[in-house]
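Structural overview for review
Below, each chain spelled out in residue letters.
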Amino acid sequence: MRRVGIIGASYTKFGERFDVNMQELAWEAFSDAIKEANIEKDTIDYFVLSNMGGWSSESLPAVIVSEGLGINPKGSVRVEAACASGSSAVKLAHDIVASGQANVVLALGIEKMRESPTKTVVEYIGRAGNFMWEFENFGLTFPGYYALYATAYMSKYSVKEEDLCEVAVKNHYYGSFNEKAQFRNKITVEKCMSSPYVAWPLKLYDCSPITDGAAAVLIASEDFIKEHKSETAWISGIGYATGTANLSKRDDFTGLEAAKRAALQAYARAGLDPEKPASQLDLAEVHDCFTIAEVMAYEDLGFAKKGEGIKLVKEKQTYKGGLIPVNLDGGLKAKGHPIGATGESMIAELYHQLLGKVKGERQTDIKKGRALAHNVGGTGHYAYVTVLSLEKGEVA
Amino acid sequence: MSDETEKLEEAAEESKKKLGSPIVTDQKTLSSLWFDQRELNVRYLVSVEKIKKFYEEISAGKVMATKCAKCGEIYFPPQSYCSKCGSDSMDWIELSGTGELLTYTVINVKPQSFSHYPDYVVGIARMPQGVNVLAWIDGDTGKLKVGMKVRLEVKKRDPEGYLTYWIKPE
């Protein structure tokens, strides 16, 4: 296996992108990424597209995007790991480069969710679990699935709805400084509390929005990086796991088993101490599709003990200057959540943070040279944890 | 068709008369959008051949799971083979008795195909047989509590008029 690094990355303005079609949206992310990497597009050996689709018109998005980017006839594939599709694309791209089959691979995620009406999108995401036994008869929704976790967590650890709202307040705060975020408004706990219920006990401001967006990550081999003197963040460890399709087959509703497993794998591969991961990282991107998801992520990643994730929020330990800054781009909550592009956008954000290119209020101090992306698909159906490092380190 | 889609269709019809093409304008961004002229309705045919007994028993008011005759693993939803030991010799057992409510939620914002229902309550119950069941909760939802005692009940789901199972507080 060869060492693999990221040499360029970008994500588009997230939101309701009625101004562009799928090819045009992909082009925005791609052209910025190759500019940053300072490479010709002919250099790309293979293309991995992450997209969930259903709500959008194109059935073969990898081919549509490939043609639009002008990178055909290079090989391509579309991958799906629900909301973790983006990280799965980065993992596949990493593996192809690490194995020596390619020198440069593009992982690009895209989603045009607003091509369908809201209720249809709600339906498609609700079907992302076990269709026959959990959707067909009981009409679960994505907020509904996470609300089942929220109820169990709040009951066990005496957490209030106000406490969960603190997560939304933080992520909107950082989103307000991110020009690419879907929501740029700062909010208060009161504003969050007064928003209507989507799936009790989760309210509108506990939820990430329906989003159009694209994100690109260019992944290259050590030889290529040396030759091109690329600005690099190395992929030092990826962990992954799959949860049960039926939520009813799980024992516990206060954390995501798949995310815990993925984290431990990633720590082992990246050489991080699983007892104190937060102290070895400069920042993290975690999958805050709902406020409860960010709280559980702190615990699943080992940033907090079981039941104490909410304390990190209340004590502002995941703001800049705290134990570990989390979601300095606004997270899924404020930046937006274009399902198939979210993973690449997290990794793009970390790449720029590590290289000190974010600047302004969102840039955090880089002292340890390491950052982590926690990307969950569905309701703990898929989990990917990716550790990036400025140091080349051992082969992951 | 959702209200959102109906409005778009009206606008597209207007546009076809004026411009000749079904172009609608997004009110927020003022972008031009093509309103799809092809409508796709999807209904799947899902095989239940190997778990037919579940539907025979539910008509008698029973909710059934399967149990591996070789290793004893219990499956709900019922499964015709054992993922654990590989056996395809399965017995049917009834999920009965008093269970415990593990968690619940109220679905306020509904999917398109559930938009004809009032807000519904979904819960997960741990049954004494050792498996969990996810279903709608029937009863006084204001009194629900994690950990409360519940049982399963079979009744008709209207307006579709088919049999399914509910979680019922005791």
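Residues numbered from 1 in each chain as written. Chains lettered and ligands numbered in written order. Predicted model: local features only at pLDDT ≥ 70, side-chain atom pairs only at ≥ 80, totals over all residues.

1. Some points on the overall build of chain A
To be explicit about the condition: Working definition: helices are DSSP H or I runs of at least four residues, strands are E runs of at least two. Numbering for both runs from the N terminus. C-alpha atoms define the radius of gyration in this analysis, and the globule rule sets the expected value at 2.2 Å times the number of residues to the power 0.38. Once C-beta atoms are placed from the backbone, each residue is buried if 20 or more other C-beta atoms lie within 10 Å of its own, exposed if 12 or fewer, and partly exposed for counts between those two. Each residue is represented by a C-beta atom placed from its backbone, and any two residues with such atoms within 7 Å are regarded as in contact.
A tally of helices and strands in chain A yields 14 helices and 11 strands. Computed over C-alpha atoms, the radius of gyration of chain A comes to 19 Å, within 12% of the 21 Å expected from 2.2 N^0.38 for 396 residues, which places it in the range of a compact globule. Counting every position in chain A, which comprises 396 residues, the buried fraction comes to 62%. Taking the intrachain contacts of chain A between residues at least 6 apart in sequence as the baseline, contacts between residues at least 24 apart amount to 79%.

2. Concerning the domain arrangement of chain B
Residues and elements named next belong to chain B. Rules: These domain limits were set by an automatic method or by a database of domain assignments. Three classes are used: nonpolar for Ala, Val, Leu, Ile, Met, Phe, Trp, Tyr, Cys and Pro, charged for Asp, Glu, Lys and Arg, and polar for all others, with Gly counted as polar.
Domain parsing of chain B yields domain 1 (3–34), domain 2 (44–94) and domain 3 (97–170). The distance between the C-alpha centroids of domain 2 and domain 3 comes to 21 Å. Across the contact, 8 residues belong to domain 2 and 8 residues belong to domain 3. Class assignment of the residues belonging to the side of domain 2 that touches domain 3 gives a composition of 6 nonpolar, 2 polar and no charged.

3. Focus on the pairing of strand S10 (residues 370–377) of chain A
All names here are of chain A. For clarity, the threshold we go by: When DSSP finds at least two bridges between two strands, those strands are taken to pair.
Of all 8 residues making up S10, 8 are buried, and the element is well covered by its neighbours. Where burial is concerned, the two faces of S10 agree: the one with Arg370, Leu372, His374 and Val376 and the one with Ala371, Ala373, Asn375 and Gly377 are both buried. Pairing geometry for S10 and strand S11 (residues 382–389), over 8 bridges, is antiparallel. From the neighbouring strand, Gly377 faces S11, where its bridge partner is Tyr382.

4. Looking at helix H11 (residues 291–300) of chain A
Residues and elements named next belong to chain A. Among the 10 residues of H11, 10 are classified as buried, and the element is accordingly described as predominantly covered. Listed as buried for H11 are Thr291, Ile292, Ala293, Glu294, Val295, Met296, Ala297, Tyr298, Glu299 and Asp300. The inward-facing, buried residues of H11 contact helix H6 (142–157), helix H7 (161–175), helix H10 (257–270), helix H12 (309–314) and S10. At the C-terminal side of H11, Gly302 shows a positive phi close to 85°.

5. Remarks on the confidence of the model for chain B
What counts is decided by this rule: As a per-residue measure, pLDDT reflects the predictor's confidence and takes values from 0 up to 100.
Of the residues in chain B, 99% have a pLDDT of 70 or more, and the chain-wide mean is 96. Overall fold confidence for the complex sits at a pTM of 0.97, while the interface term, ipTM, reaches 0.95.

6. Quick word on the sheet that holds strand S5 (residues 90–94) of chain B
Residues and elements named next belong to chain B. If you walk across this open sheet you meet the 3 strands as S4-S3-S5, and the pairing is antiparallel. With one partner strand each, in any of the chains shown, strand S4 (74–75) and S5 form the two edges of the open sheet. Inspection of the sheet shows strand S3 (residues 64–68) paired to S5 by 5 bridges, in the antiparallel sense. Looking at S5, one finds that Ala65 is bridged to Ile93.

7. Observations concerning the environment of A:Val358
Residue and element names in this part refer to chain A. Relative to the assigned elements, Val358 resides in the loop between helix H14 (342–354) and S10. For Val358 and Asp288, which are 70 residues apart along the polypeptide, the C-alpha to C-alpha distance reads 21 Å. Discounting residues that sit within four places of it in the chain, Val358 has contacts with His352, Gln353 and Gln363.

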